[in-house]
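A closer look at the structure
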Amino acid sequence: MSLNNVRPLEATPTREPLVDPQGRVLNYLRVAVTDRCNLRCRYCMPLEGIEQIPHHEVMTLEETLRLCSLFTELGIRKIRVTGGEPLVRKGVVGLMSCLAQLPARPEVLLTTNGLVLEEHLEELKAGGIRRINLSLDSLKTDTWTEITRRKGFDKVRGAVDRVLEMGLGLKINVVVLPGINDEEIPDFVELTRNKRLTVRFIEPMPFDGAGKALDETIDGEEIMLRLRGKYELSPVDQPTDAVDKLFTVRGFTGTVGVISGHSRTFCSTCSRLRIDARGRLRTCLYGAPGANLMEMMREGRSDDEIVAAIKTEISFRFPDGKKAELAHHLVGLESMASIGG
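The residue numbers shown here count from 1 along each chain, following its written sequence. Restriction of local features to residues with pLDDT of at least 70 applies here, the model being predicted, together with a cutoff of 80 or more for giving and counting side-chain atom pairs; totals for whole chains, interfaces and linings are based on all residues. To get the side-chain values, take all heavy atoms of the structure and skip hydrogens and water.

1. Regarding the overall build of the protein chain
Note the threshold: Secondary structure elements are defined from DSSP: runs of H or I of at least 4 residues count as helices, runs of E of at least 2 residues count as strands, and each element is numbered from the N terminus. Relative accessibility thresholds used throughout: buried, under 20% of the residue-type maximum; exposed, over 50%; partly exposed, between the two (1.4 Å probe, protein chains only). Contacts are assigned to residue pairs with any non-hydrogen atoms lying within 4.5 Å of each other. Each accessible area is a Shrake-Rupley result for a 1.4 Å probe, and residues are judged covered by the shown protein chains and nothing else.
On a plain count of helices and strands, the protein chain comes out with 11 helices and 11 strands. For the protein chain, the proportion of its 341 residues judged to be buried stands at 54%. Considering only residue pairs separated by 6 or more positions, the protein chain has 74% of its internal contacts joining residues 24 or more positions apart. Accessible surface, the protein chain: about 15300 Å² in total, of which carbon and sulfur atoms supply 49%.

Okay, structure coming up:
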């Protein structure tokens, strides 16, 4: 893959920036490159997995690059590559390198479960990737295996150490599951004592692909109560559109945080857009998919026509995730692997 077919553009937007009806500037794009995953996390999909998208219905890497380049013209300055598990997609590291080299120089980030991360780290770093988000829901082999329904804990744990050794930024995301891993909250906080990393505790969300409600859940407020009951926390200054609330722990090197995704406490400042593996634009995690940008490219539509479709979709963006959910009747029947994690 190369940038030969991507026309040069200035570091500043060359088109009118994306702003939704509520006045929120949209500058962060999450792009799913696959719905395949090498784990079967119980909060993400059923044991048997999900119905996979046929390969011909998944965006090619070249199509993904074209779209991302177009979005940078519209003011996108951060691109996160997701899945499924993005590293199971052949050629994805090369795609990320190309994204990082776009004239607008967006920050390119990776979200991964870490199972095959270590073998790609050298190439990722060489390609300009500086920060990685890694999903790790337990520090115990048996519990991790219970949650993921697969083996491979040692590979993931080893990848954490290797990322830090290479000097890359690291955020560990922990979905808190009451009765399964919630007692490990102090163990995860302890990781930050002498390591320059961030651990973020995440509310479980209803995207298991089977429409089954979680037996028990926990919200961000309860997680914060547990943290404050044990540690002396000081808030970290964050951008206004941050989804996490971060804190330093007195005497610790790293930071800890909470993401209240299901409570939807950050909708008023949300700056994110998503493109799922089918090339459909999603203006909200809880909303229905909108314009199919992949189909438009395959129909030979021009960049101007695609931009018009993007802006039309954004003009209908809901004020918050609760209103988007009310209008979308498949919430819970879609897996995060299908939506784009």
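Structure's up, so let's keep going.
2. Looking at the sheet that holds strand β9 (residues 255–259)
Applied cut-off: The rule for pairing is simple: two strands pair if DSSP sees at least two bridges between them. Axis geometry follows a simple rule: fit a line to the C-alpha atoms, using only the stretch in contact for helices, then measure angles between N-to-C directions, giving values from 0 to 180 degrees.
Spatial strand order, β7-β8-β9-β6-β5-β4-β3-β2-β1-β10-β11: 11 strands in an open sheet with mixed pairing. Edge positions in the sheet fall to β7 (233–235) and β11 (281–282), since each of these pairs with one other strand and no more. Across the face of the sheet, helix α7 (residues 220–230) comes into contact with β6 (198–202), β7, β8 (244–249) and β9 while running at roughly 155° to β9.

3. Topic: the pairing of strand β1 (residues 28–32)
Both faces of the sheet carry side chains from a regular strand, because those side chains alternate between them. The criterion, for reference: Classification remark: right-handed applies to a crossover when, strands pointing away from the viewer, the course from the first strand over the helix to the second runs clockwise.
Of all five residues that make up β1, five are buried, and the element is covered over most of its length. Neither face of β1 is exposed, since Tyr28, Arg30 and Ala32 on one face and Leu29 and Val31 on the opposite face are all buried. In this structure, β1 lies alongside strand β2 (residues 78–82), joined through five bridges in parallel fashion. Its bridge partner lying in β2, Ala32 is registered against Thr82. With helix α1 (residues 61–73) bridging β1 and its parallel neighbour β2, the resulting β-α-β unit is right-handed. In this sheet, strand β10 (residues 272–275) lies alongside β1 in parallel orientation, the contact comprising four bridges. Paired with Leu29 across the bridge in β10 is Leu273.

4. Observations regarding the pairing of strand β4 (residues 131–135)
Note: strand β3 (residues 107–112) against β4, three bridges, orientation parallel. Directly across from Thr111, in β4, lies its bridge partner Asn133. Taken together, β3, helix α3 (residues 121–126) and β4 constitute a β-α-β crossover, and its handedness is right-handed. With five bridges connecting them, β4 and strand β5 (residues 169–175) associate as parallel partners. Following the sheet pairing, Leu134 is matched in β5 by Ile172.

5. Some words on the nonpolar core
This is how the line gets drawn: In this text, buried Ala, Val, Leu, Ile, Met, Phe, Trp, Tyr and Cys residues form a nonpolar core when linked through side-chain atoms within 4.5 Å.
Core analysis: the biggest nonpolar cluster contains 90 residues, and Phe71, Leu117, Ile172, Phe201, Leu227 and Leu293 have the highest contact counts within it. Counting residues per element, this core draws most heavily on helix α2 (residues 92–100), which supplies seven residues. In this structure, Phe71 is in contact with Leu18, Leu29, Ile76, Leu273, Ile275, Leu281, Leu293 and Ile310, ignoring residues within four places of it in sequence. Within the second largest apolar cluster, six residues are counted, among which are Cys284, Tyr286, Ala324 and Ile339.

6. Re the side chain of Asp244
Test applied: Counted as a polar contact is a pair of N or O atoms within 3.5 Å, where, for protein atoms, one must be capable of donating a hydrogen and the other of accepting one, and residues adjacent in sequence contribute only when both atoms are in side chains.
Tracing the chain through its elements places Asp244 in strand β8. For Asp244, a relative accessible area of 7% corresponds to the buried category. Within the local environment of Asp244, its side chain forms a polar contact with the side chain of Arg200, the two groups lying 2.8 Å apart. A polar contact is formed between the side chain of Asp244 and the side chain of Gln238, at a distance of 2.5 Å. Beyond its immediate stretch of four places on either side in the chain, Asp244 contacts Lys171, Arg200, Gln238, Val258 and Ile259.

7. What to know about the packing of aromatic side chains
Applicable threshold: Working definition: a ring pair exists when centres of Phe, Tyr or Trp rings (six-membered ring for Trp) sit within 6.5 Å. Plane angles under 30 degrees give stacked, over 60 give edge-to-face, the rest tilted. Note on criteria: charge over ring means Lys NZ or Arg CZ within 6 Å of the ring centre, with the direction from the centre no more than 35 degrees off the ring normal.
Across all of its chains, the model carries three aromatic pairs by this definition. In this structure, Arg264 is placed above the aromatic ring of Tyr286, and the distance from its NZ or CZ to the ring centre is 3.8 Å.

8. Digging into unusual backbone geometry
The omega torsion of the bond from Gly83 to Gly84 falls at 15°, within 30 degrees of zero and hence cis. Relative to the elements of secondary structure, Gly84 occurs in the loop between β2 and α2. We note that Arg264 has phi near 60°; this positive angle belongs to a residue other than glycine. Given a relative accessible area of 12%, Arg264 falls into the buried group.

9. Considering the environment of Val236
Locating Val236 in the fold gives a position in the loop between β7 and β8. Spatially, the C-alpha atom of Val236 lies 6.7 Å from that of Thr248, the residues being 12 residues apart in sequence. Once residues within four sequence positions are removed from consideration, Val236 is found in contact with Leu246, Phe247, Thr248 and Thr255.

10. Some words on the pattern of salt bridges
Pairing between side chains of opposite charge can happen when the charged atoms of each approach one another. Cut-off, in case you're wondering: Between Lys or Arg on one side and Asp or Glu on the other, a salt bridge is scored when a side-chain nitrogen of the former is within 4 Å of a carboxyl oxygen of the latter.
The tally for this structure, following the rule as stated, stands at 22 salt bridges. Here Glu165 makes a salt bridge to Arg162, at a shortest N to O gap of 3.3 Å. Of the two residues, Glu165 and Arg162 are both situated in helix α5 (residues 153–165); the distance of three residues between them amounts to about one turn of the helix. Exposure remark for Glu165: the relative accessible area of 59% places this residue in the exposed category. Residue classification places Arg162 among the partly exposed residues on the basis of a relative accessible area of 26%. Of the charged contacts in the structure, one is a salt bridge between Lys323 and Asp320, with a shortest N-O distance of 3.4 Å. For Lys323, a relative accessible area of 43% puts it in the partly exposed group.

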